[in-house]
Amino acid sequence: MDLRKALLALRFVGLRTALRAVRAAWERDRAEGPRKAPAELPWRAIQPFERAIPLPDGARFVGPDAALEIRFLAPEVLRLTWTPGLLPPPYAVVRETLEETRIAWAPGPDGWIVESAAVRIAVSAHGRIAFQDPAGRIWREEDPPERAGTAWRHRVRLRPEERLYGLGERAAPLDRRGRIYRMWNRDPGGRYGPGADPLYLGVPLWLSLHAQGAYLVFYENPFEATFDLGATEPDAARVAFAGGALRYYLVHGPPARAIDRYTALTGRPPLPPRWALGFHQSRWGYRSADEVRAVVRGFQAHDLPLHAIHLDIDYMDNYRVFTVDRERFPDLPGLLQELEAQGIRTVLILDPGVKSDPEDPVYREGEARGAFCRLPDGRIYRGLVWPGWCAFPDFTDPEVRAWWGAHSRALVEMGAAGLWLDMNEPTIFTAWGEPTPPRTVLHAMEGRGGDHREAHNLYGLLMSRAAWEALRRGRPDRRPFLLTRSGWAGVQRYAWGWTGDTESTWAALRQTLATVIGLGLSGIPYTGPDIGGFSGAPSAELFIRWFQMAAFMPLFRNHAAKGTPRREPWAFGEPTLSIAREFLRLRVRLMPYLYTLAWEAAQTGAPLVRPLFWPDGSDPDLWGIEDAFQLGPALLVAPILEEGVRARTVFLPAGEWYDFWSDRRFTGPGRVEVEAPLERIPVFVRAGSVLPMAEDGLTLHLYAASAGEGEGVLYQDAGDGFGPHRVDRFRVEREGKGLRVRWVREGDFPWPWSTFALRLHGFAAARAWVDGEEIPIPTGPWILRPFQELWIKEAGESSTSEGPIS
Ligand code: MIG
């Protein structure tokens, strides 16, 4: 036991709880019992297949001790299942198949060949598998798997240049290769820095890029697992699961396509309510309604936009779930209403542990319904958390989800705009050992039965699902907003995430960027860090740089631990306050763009924050970059991640780019050196983009490319609910010295602007025609009404051609 670490992890809880944590740890060890780790049993090779059976969409290979089933769900999407072993519960994958696929089947040199139009699979009699594209290039190769007891493991060859991304939330470099990762959701303990593993939200998938192709693999197996990605053997990934069938999905294709297919299988992230893309203020330690009011007044007094405020566990009565401390929050519904009237949404925290107290009505209900997880001897399992000893709802039981969901919905009916689900790894306080329930704890697993070894990693996913389903049903006209700390594959269907209890250090700032990009590449597009880090006292400079970066991330939230110095933007004085205000305003201006990206994410799963190699991964020079990101297709953001730095190098991908602040134009690929005074971080706009911004109404910023085509998209609707929407596409074509903008509309939400502004960047207009009629060239922004086609002639052109040709 590492006592120092244990004490550090428990330092927020107070002496009484820390002492009880010793008992908790002891009881936990006892409940877990003597356990021979599967890894300690010898690994055995499977015996060769004896039979191969063609299936309409794949094949089955059967040996004396193992079988492999291969199914094509689409020409480039496969599912492989090695049995024996429990098949996964139906929590991550929402679609059985994607596209009817014609396959061919033939005996091969040392086994069989199964192929679609896009993928050829060679399976050897011993279980070795090679995946090829139609040109014969091998994009993945596996050695035959091995078994030890109920555990499975296999080995995947890695190419020298191969890069691996994903695995969910990791405090690791964006390229995950060269390390060992554990799949076992857990709180790293009070605060964490780069290298901590595992964290709260693992996803057993990776995205591979190498010279012979790109693919995504998702292991649909929630058991504890290790992913050794070239740490032990540099040229192999070794993946081992403690139980369950070895089932995995493969998508052959570049990153954007792979995430699109993966989220077709595991579900798309639904469109959030628009306010959620605004600014969220939070803090552990807003201890009363008056304190919350004072914070809100601070935002107003300092002229700072505020969209949401989060109430941490302080609002509860002794940390009991579904209660309110009536002394400090005498009229919480009234407070929520009062805030909403000022345009501020309130998000309430919710933990899964229910205080084990026969006087507690929620506990009594749960006990009567058999809602709590039990130990094998039939007793309700108790773990120590904030309220003291707690019982834990078994979210793998649909009736428990419905019961819990109804309570969660009541918080929303009281006036909360959303819920913040914390501690749902689940985490328990313990002086040593795993801060998670014992593996022997039993779960319903939708009726088939199982234990915590299988259910653990699913707990956060299913708590999110319980809340989401209740909110969807209970308020059919509003979109749920949930923020969850833990989750698994598919959690993007229900909730946003955040990077948890990071340190307030420069290293952590840098890390959270790679963590957020990595989550997006794991199918989870809505995340962000606690601005300034969770657990310390950031300097004004660190706070500013963190704030500037987070302004371009989906979750833009200021949050801090109890006991840390105040961190509202004015707490640091000037120039921090003014810089924060500028970035808050920029965020508000970007809302039409962000909202459009949210809609795109709902269609394709594409994350808002993207690595520079997105979408196709074709330029290897971009594979290793983790200190900059794209925000959608139009923006490239290069945050400042080091103290004292006032300029930096940015690698620009191929194409033309405008400096957002100066309109200077650069041509990539290549490095540029740019200024980054304290009040700015480098931001670039891709030439050809039309960036919609909220500036006294709507402004379309057209960044002219010197050749070719570009596009800007604008999604609009009522901002919440499920009513009509519209999508406007502005297609820009360069025609010699002219620019043509064609407006393509779809959807039935009425265009909400009588006039809007157009601003040209990198283009001086001489003459212009709207739908064939010449208009005068204004000196400032162009004020326009809806049109079909706009044709602009560049100044300095001597040609005699007059306006649009078509
Ligand atoms: O044991 O609710 O990550 O954001 O402020 C700590 C108190 C519990 C952990 C969350 C953090 C939150 C804190 N919670």
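Quantities reported herein were computed from a predicted structural model and do not represent experimental measurements.

1. Some details on the confidence of the model for the chain
Close inspection of predicted coordinates is inappropriate in any region flagged by low pLDDT.
Line of reasoning, step 1. With 97% of its residues at a pLDDT of 70 or more, the chain shows a mean pLDDT of 95.
Line of reasoning, step 2. Considering only residues more than four positions removed or in separate chains, one finds that residues 798-806, a stretch of pLDDT under 50, has 14 contacts.

2. Describing the site of the ligand
Line of reasoning, step 1. Asp312, Asp422, Arg485, Asp501 and His559 are the nearest of the 13 residues found near the ligand.
Line of reasoning, step 2. With respect to the ligand, the side chain of Asp422 contributes an N or O atom lying 2.7 Å from a nitrogen atom.
Line of reasoning, step 3. A distance of 2.6 Å is found between an oxygen atom of the ligand and a side-chain nitrogen or oxygen belonging to Asp501.
Line of reasoning, step 4. Here the ligand, which alone exposes 360 Å², has 97% of that area covered by the protein.
Line of reasoning, step 5. Of the residues that constitute the shell around the ligand, the class distribution is eight nonpolar, one polar and four charged.

3. Things to note about the packing of aromatic side chains
Line of reasoning, step 1. Applying the stated rule across the entire model yields 53 aromatic pairs.
Line of reasoning, step 2. Centroid distance Tyr363 to Phe372: 5.3 Å. Interplanar angle 15 degrees. Geometry classified as stacked. A single burial state applies to Tyr363 and to Phe372, both of which are buried.
Line of reasoning, step 3. Relative to Trp403, the ring of Phe372 lies with its centre 6.1 Å away and its plane at 80 degrees, an arrangement referred to as edge-to-face. Pair noted here: Phe372 is in the loop between α6 (361-369) and β24 (383-385) and Trp403 is in helix α7 (residues 398-413), with a separation of 31 residues, a long-range link.

4. Remarks on helix α4 (residues 289-301)
Line of reasoning, step 1. Taking 1.5 Å of rise per residue, the 13 residues of α4 would be expected to cover 18 Å, and the 18 Å separating its terminal C-alpha atoms lies within 8% of that figure.
Line of reasoning, step 2. Looking at α4, one finds that the buried residues are Ala289, Val292, Val295, Val296, Gly298 and Phe299.
Line of reasoning, step 3. In the core, the buried residues of α4 are packed alongside β20 (279-283), β21 (308-311) and α5 (332-341).
Line of reasoning, step 4. Just past α4, the residue Asp303 takes up positive phi, approximately 60 degrees.

5. Describing the environment of Ala225
Line of reasoning, step 1. Tracing the backbone shows Ala225 in strand β17 (residues 225-229).
Line of reasoning, step 2. In this structure, the C-alpha to C-alpha distance between Ala225 and Glu503, residues 278 residues apart in sequence, is 27 Å.
Line of reasoning, step 3. Excluding its chain neighbours within four sequence positions, the residues that come into contact with Ala225 are Tyr181, Arg182, Met183, Ala240 and Phe241.

6. Section: the nonpolar core
Line of reasoning, step 1. Ranked by size, the top nonpolar core spans 223 residues in total, and within it Phe218, Tyr315, Trp404, Phe552 and Leu631 carry the most contacts.
Line of reasoning, step 2. The greatest single-element share of this core, amounting to 15 residues, is contributed by helix α12 (residues 576-604).
Line of reasoning, step 3. Counting residues in hydrophobic clusters, the runner-up holds 40 residues, among them Val114, Trp206, Val217 and Phe241.

7. Considering the sheet that holds strand β47 (residues 789-794)
Line of reasoning, step 1. Taken in spatial order, the six strands line up as β40-β41-β42-β47-β44-β45 in an open sheet, and their pairing is antiparallel. What marks the edges here is a single partner per strand, and that holds for β40 (709-717) and β45 (773-775). In this sheet, adjacent strand axes meet at a mean angle of 20 degrees when their direction is disregarded.
Line of reasoning, step 2. Note: strand β42 (residues 738-747) against β47, five bridges, orientation antiparallel. Considered in β47, the bridge of Leu739 is made with Ile792.

8. Some points on the environment of Pro160
Line of reasoning, step 1. Checked against the element boundaries, Pro160 lands in the loop between β12 (151-157) and β13 (163-168).
Line of reasoning, step 2. Taking C-alpha positions, Pro160 is 8.4 Å from Pro234, a pair spaced 74 residues apart along the chain.

9. As for the pattern of salt bridges
Between side chains of opposite charge, a pair can form as their charged atoms come close.
Line of reasoning, step 1. Tallied over the entire structure, the rule returns 63 salt bridges.
Line of reasoning, step 2. In this structure, Asp133 engages Arg137 in a salt bridge whose closest nitrogen and oxygen atoms are separated by 2.9 Å.
Line of reasoning, step 3. Using a relative accessible area of 7% as the deciding quantity, one classes Asp133 as buried.
Line of reasoning, step 4. Looking at Arg137, the relative accessible area reads 38%, which means it is partly exposed.
Line of reasoning, step 5. When the shortest N-O distance is used, the salt bridge between Arg155 and Asp143 registers 2.1 Å. In this pair, Arg155 sits in strand β12 while Asp143 sits in the loop between β10 (138-142) and β11 (146-148), placing the two residues twelve residues apart along the sequence.
Line of reasoning, step 6. For Arg155, a relative accessible area of 24% puts it in the partly exposed group.
Line of reasoning, step 7. Owing to a relative accessible area of 11%, Asp143 belongs among the buried residues under this scheme.

10. Overview of the side chain of His252
Line of reasoning, step 1. Note on placement: His252 falls in strand β19 (residues 246-252).
Line of reasoning, step 2. Excluding residues within four positions of it along the chain, His252 makes contact with Glu76, Ala118, Val119, Asp133, Trp139, Ala214 and Tyr215.

11. Here we look at the sheet that holds β20
Line of reasoning, step 1. Spatial strand order, β30-β29-β26-β22-β21-β20-β31: seven strands in an open sheet with parallel pairing. At either end of the open sheet lies a strand with only one pairing partner, and these are β30 (496-497) and β31 (556-558).
Line of reasoning, step 2. When strand β26 (residues 418-421) meets strand β29 (residues 482-484), the two strands line up parallel, connected through three bridges. Each residue of the ladder has a partner; that of Trp420, found in β29, is Leu483.
Line of reasoning, step 3. Contacts between α7 and the sheet are confined to β22 (345-350) and β26, with β22 contributing the most and set at about 145 degrees to the helix.
Line of reasoning, step 4. Across the sheet, helix α9 (residues 459-474) lies against β22, β26 and β29, angled at about 170 degrees from β29, the strand it touches most.

12. A short note on the pairing of strand β37 (residues 683-686)
Line of reasoning, step 1. Inspection of the sheet shows strand β34 (residues 635-637) paired to β37 by three bridges, in the antiparallel sense. Its bridge partner being in β37, Val637 is matched across the sheet by Val683.
Line of reasoning, step 2. Across three bridges, the pairing between strand β35 (residues 647-659) and β37 is antiparallel. Following the sheet pairing, Asp659 is matched in β37 by Phe684.

Basis of the calculations
Residues numbered from 1 in each chain as written. Predicted model: local features only at pLDDT ≥ 70, side-chain atom pairs only at ≥ 80, totals over all residues. Heavy atoms only, no water. pLDDT = per-residue confidence, 0-100. Contact = heavy atoms within 4.5 Å. Near = heavy atom within 4 Å. Polar contact = N/O pair within 3.5 Å; in protein donor to acceptor, adjacent residues only side chain to side chain. Areas by Shrake-Rupley, 256 points an atom, 1.4 Å probe, with all protein chains shown as cover. Nonpolar A, V, L, I, M, F, W, Y, C, P; charged D, E, K, R; others polar. Phe/Tyr/Trp six-rings, centres within 6.5 Å; stacked < 30°, edge-to-face > 60°. Buried < 20%, exposed > 50% of the residue type's maximum accessible area, 1.4 Å probe, protein only. Helix = DSSP H or I, 4+ residues; strand = E, 2+ residues; numbered from the N terminus. Expected span 1.5 Å × (residues − 1). Core = buried A, V, L, I, M, F, W, Y, C linked by side-chain atoms within 4.5 Å. Pairing = 2+ DSSP bridges. Axes fitted to C-alpha atoms, helices over the stretch in contact; angles between N-to-C directions. Salt bridge = Lys/Arg side-chain N within 4 Å of Asp/Glu carboxyl O.

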